[in-house]
Amino acid sequence: MTEWMLSESDGYDLLSKYGIPTPKYKIVTRAEDAGSTAEAIGFPVVMKIMSPDIVHKSDAGGVIVGIGTKEAAQSAFNQIVANARAYNQNADIHGVIIENQAAPGLELIIGGKTDPTFGKVITFGIGGTLVELMKDVTLRILPIDEDEIRRMVTDIDSYPLITGYRGSKPKDEECLIQIIKNVCKMFEDQKDLREFDINPIRLYDSGACAVDARIIMDDDIHLLDVVELEPVPPEYFRPKSVAVIGASDDTSKMGYAVMHNLLHFPGKVYPINNKRDTIQGLQAYPTILDVPDEEIDLAVITVPARHVPGVMEECGKKGVKIAVVITAGFKEMSEEGAMLEERIVQIAHRYGTRIVGPNCLGLIIPPIGLDTTYVAQSPNPGNIAFISQSGAIVNTVVDWSLTKDIGFSLVVSVGNQADLNFFDYLRAAAADPETKVIIMYIEQIKNGKAFMEIVSEVSRHKPVVALKAGSSARGQAAAASHTGSLSGSYDVYIEAFRKSGVLLVHTLTGAFLAAEMLSHPKRYPKGRRAIVVTNAGGFAVLSSDYSERYGVKMIDLPDYLVKELDSFLPEFWNRGNPVDLLGDATEGRFEKTFEVLAKNDALWDMCFIVGFPNNILSSEQLANQILKFSKSTDKRIIPTLLGGASMDRGRNILHAQNIPSFEELDMMYRVVGRLLYQIYRVKAQGVY
Ligand code: ADP
Ligand code: MG
């Protein structure tokens, strides 16, 4: 047996063992016992079917409440059994449970599930029969501390129902906290406990009572342990000599394209090809072992999969530190491929060689001029490390980066991660002085606990931004069939990222904008309070809308500030926030306003500047004033230069100082909304 459901009574017993209040109960198997048993428990009682084959008892007509007499109890017994039989004639019926009827209270749900990626997860929210409809739940990955439990409670939208809503008395929040704490303990203690719903648990002005428990046990739960990984020495990512195995002169071959990009590598490059003496103008060797140079640090392998084991053996003998296996046809393809993949890892490890891939686009390290991929044009050096589970996305991002003046310290396509995986690249990027910020494109993570441990450590020093695919049910199914393994649910990923300090975004543009925001020394805004300054009335209105949608808090301007601005702004300015400097605003008007705001920067945490192009104010003038303003305060300045090419010069001035200028207002607020969610857990309508 691997999976079973506890009966209602066993469920109650388990809960009471952990100090969770449950109704008094007895089980009867004969109608004639129902009356006296009900009387002994004390009227009114509730009676429910006991059957391992009926999960939702109410749906089967298996629950009767408000039973007040012996006679009623007896007929309820017969009714429940008859209903259950009618519902499922093969159901195994163990009897009827008779329990105390708990007083009405606020119906809440406490649930738990075992996520394939992140392990035990606990949920809390509004319960009862409306639970699916309301979807007002919070979720945390175990273990959690008491503060976090308190936040689980205060974070639900319906929290006012607990503190007392419209004249109803406040509920016993402390009791609830204690119960959730006990539930967490139960979940952690009970090794075979896979998932459960305590729905509902009724919360009162004083005390609580769980009136239903669906508990699923499983004696075959596999939780991945956090594995201690051997970090890759940083010099592995600073090779001085490279061999290309399968290098070619045939432009239709992968070995041609890869070799072509490596011609720019300033170190030594050796084409390996057993049929030719030269490749793309360089002397070629039949095998890597024939290269006279003593040391080759990195080998790129493009030969067909069946030849990879032999080639790997030679690389090992030659002392290659990293083998980038571009070749596909391994685990992603077949059982046979998976075996071949295991074999190459074994061979490599025998010699201390580490593998990137297989089935990947390769590795690009722009600061040292290394590009082992076949992208059309190598990216520029910069300070973003981009780690991607999709080669196609690497290709796209690199191409796009060239037009956006974005540079990289490291670009990796992780492929099948047979040996080196997300963890290794994350650590390499963390240790790399060139890298200021890390962006990951993730389809799925195998060992969520290890991931959280490593990324939490990394994100303390360097911002980590993640784009996670598979937020839709269809997307998750696609990812599962793609890799053949179960992925954790997206909600759990959101929580795992939040908990580990990873900023989750939904688009590539968002990822790069967020990365640029975070690579500025000011990093996160110090709070949620915002002021908007603009010369565009229409965008002032949109700014207010977006602020609300993404959890940005627009402050009210105090009188003294309005007065100060009054002294130089046109008579009919709006005297409110957003501060509308009007369409004819000059550089001087912006400058003075910024000076006043900088002087009063205790009032706000971030200042959004929304500018549009016109003949009174050039984009350079505006950009220069924004830079000056940003230097005069330690609060974050977040500009959007709206418009087309006429704003590019201004945008470039800001970009050069690591201040991203957004081209679209919604995008700016959305990115800021994510930052706020990350640190202040502002749950805004538009964020997730
Ligand atoms: P189901 O299997 O359909 O979820 P439940 O055991 O939750 O069955 O019972 C259905 C509903 O009956 C509960 O949501 C709750 O409102 C009410 N109920 C169940 N047990 C009790 C009880 N002991 N006291 C008061 N109400 C109860
Ligand atoms: Mg229920």
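The structure presented is a predicted model; accordingly, all values stated were derived computationally and were not measured.

### Observations concerning the overall build of the chain
Part 1: Per the secondary structure count, the chain includes 22 helices and 30 strands.
Part 2: With 688 residues in all, the chain has 56% of them scored as buried.
Part 3: Nonlocal contacts in the chain, meaning residues at least 24 apart in sequence, comprise 71% of its contacts between residues at least 6 apart.
Part 4: For the chain, the exposed area adds up to about 29,600 Å²; of that, 50% sits on carbon and sulfur atoms.
Part 5: Averaged over its 70 positive side-chain charges, the chain has a centre that lies 3 Å from the centre of its 87 negative ones.

### With respect to the site of ligand 1
Part 1: In the neighbourhood of ligand 1, 18 residues make up the surrounding shell, with K48, K57, S58, E99 and A102 lying closest.
Part 2: One of the side-chain N or O atoms of K48 is found 2.7 Å from an oxygen atom in ligand 1.
Part 3: Alone, ligand 1 offers 540 Å² of accessible surface; in the complex the protein occludes 86% of this.
Part 4: Listed by contribution, the elements that provide at least two residues to the shell around ligand 1 are β3 (45-50), β5 (95-100) and β9 (193-203).
Part 5: Here the shell around ligand 1 takes 3 residues from β9, the largest share from any one element.
Part 6: When grouped by side-chain class, the residues that make up the shell around ligand 1 number 7 nonpolar, 5 polar and 6 charged.

### Examining the environment of P639
Part 1: In this fold, P639 is placed in strand β30 (residues 636-641).
Part 2: Once the C-alpha coordinates of P639 and D405 are considered, the two residues, 234 residues apart in sequence, prove to be 18 Å apart.
Part 3: If sequence neighbours within four positions are ignored, P639 has contacts with I609, I626, L654, I659, P660, S661, F662 and M668.

### Considering the confidence of the model for the chain
Part 1: Averaged over all residues, the pLDDT of the chain is 92; the fraction at 70 or higher stands at 96%.
Part 2: Contacts from residues 482-486, a stretch scored under 50 in pLDDT, to residues over four places away or in other chains number 7 contacts.

### Some thoughts on the coordination of the magnesium ion (ligand 2)
For a metal bound by four donors in a tetrahedral arrangement, the ideal donor-metal-donor angle is 109.5 degrees, while six donors in an octahedral arrangement ideally sit at 90 or 180 degrees.
Part 1: For the magnesium ion (ligand 2), the full set of protein donor atoms is N199 (O) and D212 (OD), and the range of their distances to it is 2.2 to 2.5 Å. Taken together, the residues N199 in strand β9 and D212 in the loop between β10 (208-210) and β11 (214-218) connect sequence positions 13 residues apart.

### Overview of the nonpolar core
Among soluble globular proteins, nonpolar side chains are generally buried collectively.
Part 1: The biggest cluster of nonpolar side chains holds 61 residues, and the ones touching the most others in it are F237, L262, V324, I438, M440, F451 and F497.
Part 2: Discounting chain neighbours no more than four positions away, the residues touching F237 are V232, I322, L363, I365, I368, Y425 and A428.
Part 3: Counting residues in hydrophobic clusters, the runner-up holds 46 residues, among them I384, V505, V610 and F662.

Rules of the game
- Residues numbered from 1 in each chain as written.
- Chains lettered and ligands numbered in written order.
- Predicted model: local features only at pLDDT ≥ 70, side-chain atom pairs only at ≥ 80, totals over all residues.
- Heavy atoms only, no water.
- Helix = DSSP H or I, 4+ residues; strand = E, 2+ residues; numbered from the N terminus.
- Buried < 20%, exposed > 50% of the residue type's maximum accessible area, 1.4 Å probe, protein only.
- Contact = heavy atoms within 4.5 Å.
- Areas by Shrake-Rupley, 256 points an atom, 1.4 Å probe, with all protein chains shown as cover.
- Lys, Arg positive; Asp, Glu negative; His and termini not counted.
- Charge placed at Lys NZ, Arg CZ, Asp CG, Glu CD.
- Near = heavy atom within 4 Å.
- Polar contact = N/O pair within 3.5 Å; in protein donor to acceptor, adjacent residues only side chain to side chain.
- Nonpolar A, V, L, I, M, F, W, Y, C, P; charged D, E, K, R; others polar.
- pLDDT = per-residue confidence, 0-100.
- Donors = N, O, S within 2.8 Å, 3.2 Å for Na, K, Ca; no water.
- Core = buried A, V, L, I, M, F, W, Y, C linked by side-chain atoms within 4.5 Å.

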